[in-house]
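Structural characterization, general
Each chain, written out:
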Amino acid sequence: MRQLRATDQCAAMESGPLAEGSYLGLLQSDINPLQLFHFYDQHLAAEEEIEYSSDPDTDTINCDQVNRLWNAIEDEGTGEAYDRIAALAEYMFSDRHLEAEGIFGNIGPDEVVNENTDALTEIPQKSQKCQKRLFLDNPEPQSDSWEAKRRKPEASPDTPLVTSNLMTVSSSNNLALKGSLSPLPGQVAKPSLLSMEETFLVPTSPVLACLNFNGEPIQLIPTFPTLPQGVFHFTVENGISNIFLYPASSGGDTIIQSLPVSPDRHGSTSPFTPSAADMPNMPEASALTSQDRKTESVERFCRALQKAYEDVPEGPNSHYIDLDLTRTQVEKNNKNQEKELAIQDWTERQKARVGWREVFASTRGQKRETRVIAVLGKAGLGKSAWTQQVCRNWAQGQLPQYEFVFHYKCRSLNLPGNDYCLKDLFFRLYNHPLEASEEVFKYILKHPNRILVILDSFEELEGQDGFLNCPASPSPGESRPIKGLLAGLFQRKLLRGCTLLITARPKGRFIQYLAKVDSLLEVQGFSPEQVESYFEKYFQGSPSDRDEALRLVRAQPYLLSHCYSPAVCLSLCRLCEKILATKGPAQLPSTLTGLFVSLLCSVLRARERGPSETWPRNCLAGLTKLAWELGQRHCNVLREDQLPSTEVKEFAILEDFVSPFPTAREPEMAFLLQNFLGALRLALSEEVRDKELPRYLALTPRKKKPYDNWLERVPPFLTGLLFQPLSSCLGPLGGNEQVGLICKRQKALLNYLTRLQPGTLGPGRLLELLHCAHEATDSHLWQHVTAGLPSCLSFRGVRLAPPDVHVLGEALKAAGKHFSLDLRNTSIDLHGLGILVQLGCVTCFRASLSDTVWLWESLRQSGEYELFRSSTEKFTIDPFKVKSMKDVEDLCSLVNIQGSGNAAREACDPLPAIRDLKNLEFALGPVLGPQGFPKLVTILAAFSSLQHLDLDTLHGNKIGDEGVAQLSAIFPELKALETLNLSQNSITDVGAMELAKALPTLATSLVTLSLYNNCICDTGAENLASVLPNMVSLRVLDVKYNKFTRAGAQQLTASLKKCPHIETLAMWNPTIPYGVQEHLQQLDSRISLR
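Presented here is an overview of the structure given in this document. (Residues numbered from 1 in each chain as written. Predicted model: local features only at pLDDT ≥ 70, side-chain atom pairs only at ≥ 80, totals over all residues. Heavy atoms only, no water.)

1. Considering the overall build of the protein chain
Rules: In this text, helices come from DSSP runs of H or I with a minimum length of four residues, and strands from runs of E with a minimum of two, each type numbered from the N-terminal end. Think of it in three bands: with a 1.4 Å probe and only protein chains considered, a residue is buried below 20% of the maximum accessible area for its type, exposed above 50%, and partly exposed in between. In what follows, a contact means two residues having at least one pair of non-hydrogen atoms within 4.5 Å. Here the open area of atoms and residues is found with the Shrake-Rupley method and a 1.4 Å probe, where only the protein chains shown may cover a residue.
Counting its secondary structure elements, the protein chain contains 44 helices and 29 strands. Expressed as a percentage of the 1090 residues in the protein chain, the buried residues total 53%. Considering only contacts in the protein chain between residues 6 or more positions apart, those separated by 24 or more positions represent 77%. By element, 49% of the accessible surface of the protein chain is carried by carbon and sulfur atoms, the whole surface being about 49,400 Å².

2. Here we look at the packing of helix α18 (residues 528-538) against helix α19 (residues 543-554)
We count it as follows: The angle between two axes is taken between their N-to-C directions and runs from 0 to 180 degrees, where each axis is a line fitted to C-alpha atoms and a helix contributes only its stretch in contact. An angle below 35 degrees is read as roughly parallel, one above 145 as roughly antiparallel, one from 65 to 115 as roughly perpendicular, and any other as oblique. Take the far helix as the reference: if the near one is turned anticlockwise from it by less than a right angle, the crossing is left-handed, and if turned clockwise, right-handed. Residue classes follow a fixed rule: Ala, Val, Leu, Ile, Met, Phe, Trp, Tyr, Cys and Pro count as nonpolar, while Asp, Glu, Lys and Arg count as charged, and any other residue, Gly among them, counts as polar.
Contact geometry for α18 and α19: axes closest at 9 Å, N-to-C directions at 140°. Judged by the angle between their axes, α18 and α19 are oblique. In this structure, α18 meets α19 at a crossing whose hand is right-handed. Residues Glu 532, Phe 535 and Glu 536 of α18 lie in contact with α19, whose contacting residues are Arg 546, Ala 549, Leu 550, Val 553 and Arg 554. Across the contact of α18 with α19, the residue classes break down as four nonpolar, no polar and four charged.

3. Overview of the sheet that holds strand β14 (residues 451-456)
Applied cut-off: Think of it this way: DSSP has to see at least two bridges between two strands before they count as a pair.
Taken in spatial order, the seven strands make up an open sheet running β11-β8-β16-β12-β15-β14-β13, and their pairing is mixed. Whereas interior strands pair on both sides, the edge strands pair on one side only; in this sheet they are β11 (353-354) and β13 (404-409). As judged from the four bridges shared by β14 and strand β15 (residues 499-504), these two strands associate in the parallel manner. Directly across from Leu 452, in β15, lies its bridge partner Thr 499. Sitting on the sheet, helix α14 (residues 383-395) is in contact with β8 (325-327), β12 (371-376), β13, β14, β15 and β16 (519-523), with an inclination near 155° to β13.

4. Details of the side chain of His 806
Its location among the elements puts His 806 in helix α32 (residues 802-815). Aside from chain neighbours lying at most four places away, what touches His 806 is Pro 557, Tyr 558, Ser 561 and His 774.

5. Quick word on the pattern of salt bridges
As a reminder of what qualifies: The term salt bridge refers to a pairing of a side-chain nitrogen on Lys or Arg with a carboxyl oxygen on Asp or Glu at a separation within 4 Å.
Applying the stated criterion across every chain yields a total of 30 salt bridges. Across the pair Glu 438 and Lys 423 runs a salt bridge, and its minimum N-O distance is 2.6 Å. Of this pair, Glu 438 sits in helix α16 (residues 438-446) while Lys 423 sits in helix α15 (residues 422-428), placing them 15 residues apart in sequence. Assessed through its relative accessible area of 42%, Glu 438 is described here as partly exposed. Lys 423 sits in the partly exposed class, given a relative accessible area of 25%. Within the structure, one salt-bridge network assembled from shared partners comprises Asp 345, Lys 886 and Asp 890.

6. Examining unusual backbone geometry
Pro 879 follows Asp 878 through a cis peptide bond whose omega is -5°. Here Pro 879 shows up in the loop between α35 (865-874) and β22 (880-882). Residues other than glycine seldom take positive phi values, yet Arg 492 does so here, at roughly 65°. With respect to the secondary-structure elements, Arg 492 resides in the loop between α17 (482-490) and β15. A positive phi angle, close to 50°, is found at Thr 777, a residue other than glycine. With respect to the secondary-structure elements, Thr 777 resides in the loop between α30 (763-776) and α31 (779-787). With a relative accessible area of 45%, Thr 777 lands in the partly exposed category.

7. As for the environment of Tyr 443
Along the chain, the position of Tyr 443 falls in helix α16. When the C-alpha atoms of Tyr 443 and Thr 295 are compared, they prove to be 9.2 Å apart, with 148 residues separating the residues in sequence.

8. Concerning the packing of aromatic side chains
Filter applied, for reference: Any two of the Phe, Tyr and Trp rings considered here, Trp counted by its six-membered ring, make a pair once their centres fall within 6.5 Å; the pair's planes then place it as stacked at under 30 degrees, edge-to-face at over 60, or tilted in between. Each ring is checked for a lysine NZ or an arginine CZ that lies within 6 Å of its centre and within 35 degrees of its normal; such an atom marks a charge sitting over the ring.
Scanning the model with the defined rule gives 28 aromatic pairs in all. Consider the rings of Tyr 1012 and Tyr 1041, whose centres lie 5.5 Å apart with planes at 70°: the pair is edge-to-face. Of this pair, Tyr 1012 sits in the loop between β26 (1008-1010) and α42 (1018-1027) while Tyr 1041 sits in the loop between β27 (1036-1038) and α43 (1046-1056), and the two are 29 residues apart along the sequence. Site record: aromatic cluster; members linked through ring pairs are Phe 301, Phe 404, Phe 406, Phe 426, Phe 427 and Tyr 443. Positioned above the aromatic ring of Phe 671, the side-chain terminus of Arg 505 is 4.1 Å from the ring centre.

9. Considerations on the environment of Val 1036
Examined against the element boundaries, Val 1036 turns out to sit in strand β27. For Val 1036, a relative accessible area of 28% puts it in the partly exposed group. Residues Val 1036 and Leu 1065 lie 29 residues apart in sequence; the distance between their C-alpha atoms is 6.2 Å. Apart from the residues lying within four places of it in its own chain, the contact partners of Val 1036 are Val 1007, Thr 1008, Leu 1009 and Thr 1064.

10. As for the pairing of strand β20 (residues 819-822)
Counted only if it meets this: When the strands point away from the viewer, a crossover counts as right-handed if the path from the first strand over the helix to the second runs clockwise.
One ladder, built from three bridges, connects strand β19 (residues 792-794) with β20; its direction is parallel. Within β20, the position partnered with Ser 794 by the bridge is Asp 822. Of the crossover connections in this fold, the one passing from β19 over α32 to the parallel β20 is right-handed. Bridge analysis of β20 against strand β21 (residues 842-846) gives four bridges, and the strand direction is parallel.

Here it is as structure tokens:
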């Protein structure tokens, strides 16, 4: 069949010239791949001529690359083949910045001959794959058979070699080339003779596709109907070694004429070429043959864009510190099976950390598709500042893979109408006033892989639902709504091949699209070292102020824990700067509410010295109302028509309540400040009823009209404002005139909070309640909340940020009782884990095994042996379920840590976690099970107290006979084993025999043995039957769904009579006739057929 298809292809090619065939025909034919790189452009034929530079390229393409491309074309679809050809052609025509003179001056003849010799000698062999070639002389006829077409001639060491730049001819005395190279009709011969010794160097033109050597004559096979220069007759006689052929250019570049173009696609020579709708963003033929150099207008646009980013005022980001980014993934929630961001352990995050350059690094061999990158993080962690820094880095030349970077705030794209096209997105809707150019837009469409589009704050985009189902045409000129444009980019239909970077919050609506993202990253916030670096950069002009500011912050651990957020870090620096400027007693407030109250009071005191003392408070009241209304619409951008007055606008901007975003048309309000102002609105506004306040705390679920908690920090701010002393909190902010209102609302909140039972709340709401009580600084409320804490606290599946760890630790100390903590899957950092486990009230805890082992290693290295001893005594892993290879490795690390000799180990050896493990479940599945179980077996003997070993899972672990043999070998060490579940593990008679030999070592401990759904036949059943009388402690044996027959069943029944201690023998099998099973059950009622 393949031979017939190949014959049809060659026959089809003989019907007309090569250029008249379709692109698909070229790809499916046996044409030399080198000829595929010469395209024609009739569109320019009548107006201008395409020039090919005679200068040799700085890079050469060897035949190995071409061969790999051709093999891929035979196996891949046409779409991917076009992409591969385009990429290779782009490589061939790029980087031509070296002069030919420099190249020939640096490359010696010997170097040219030796370079890629093995690969290049196949060029003349490849040239014989198809009959339809344009020979200048009369070539010898070739066979039509498939074998003849692919038969390789014997390689000769004297065969001339060809690269894209040079042809080298060996000058041995045995080489006699007696042939002619005749000019084409209508051409004039212009011989060019040069002298060389030993080796001929022939600079070749790009139009010379390959050379065919048939023994005597040298025949040139062009890819075009006419050659630009004369090709002349030379005879190289035996012994003559100083003459070589050179297609000379008398001046100027070679001129190539064009062929007709397809009406459906510009630059195509075939009516069968796929259109733009079929293959969007397919590079045009003219793009492949051009020098791929940016024009002056493109360069000018690029410089203007870079200057726009460089000229953006840094503002609050002037003290920028590089953020920690970690690669992460999506997982399903166990409760509702919805996809959400995976919670990684501390050790996992350390391994997954990436720098900002690595975010945009592409993998070699990656398909030419749009790459979607998502950066997720809570509000205030610095996502927007990071994207702005990326733009500045690009403007400074640190992202050379991108020609253009377009940064958008999603809120600026909330525009009405449906008459926007892709060109509008880059010019008309862009934040910077840049000149719109048709030439620049064509360059963007031609090189989408060099474009980076940044969509910042996706949660502020209107109409986010249905993003994947939104109609999106691949045509860049079609008008559509803004949502359609962005959906086209996200669906990889528009500008296919670009890079799309999206920043969003982890609990926003973007979570539903995470499965379609190519690269997913998470912002972790500042580490303690980065916090110090930030303060050092902020106070870089005054080291004494820096040290004093750090001292003030360290004196307030709760505020210090909030410094993991860059937004809080900035606010603390500003307050420290104001405090240090007064030269008076320096002390920071103890709560986050107190921090923002102090900042606002300092602003109001400075403004009240003016002509009107009430003016600043009136402006502040207007801002609080605006902040709350914007929060209800999930927005923090301000329009000028939303501001109550010009005075309010001036007050807001001058006092940094709002700041003009560098690349936005409108000012924005910092998210944390917006939360505080919204809480201040609820505390002082008479429009809010007292009974409505508990609704905004969102501590109890509501089935009807649940509160949309977009302003997530409002609950702790609200309790802090209402419960902290009036003189130092709401009083200076305008509350002195509303004392009665404040007292009523305080009482309403207190009644609500004291009715709550902390033990009935989930872990997330319990943490929120602790934050509210801590911000309130009310001893009665704090005592009520901490006294109601249950003794067993589990925060599994809830992220514990540094402020959560601090508040939890304070609550545990205030409760006055002992606690057991489950900190698994909480993403708690190593510092926070150490704080909680060293508390005297914590008697038992569970945490990530790898994080705990790392903590112990750090404690031992720092010499804190007492803390190491206490933490090892509190740690437990019982029960433990192995769900990944990481769990196996963590167990091995736990066992190995007690094997390393040190003084601390002697005081607590063996580790209580190892000594007290009683339940172990192995659930890696049929793929990883056979790989992970041999590693687990090597450490199982260390768990001497193990009572239940479950090796069964839904689809089986498939440990097989080898795994059973390895397990049987350590039975003497598992003297406490009571339950052994080996169901669904592909155990045959061989494994059953090994198991039967080792079972007597468990005769006095094993109570339940399950071999359900294995492959045990009669021989295995007989071996098990022989050992049953010795198993004096065995009560239940399950051998259902195996493969033994009547004979095996009778053996087990006969052995059962000798085992009065066995209570149940589950033995139903499809291989045993049901009548036989019923008869056996009548003989012994302990046989179960259910």
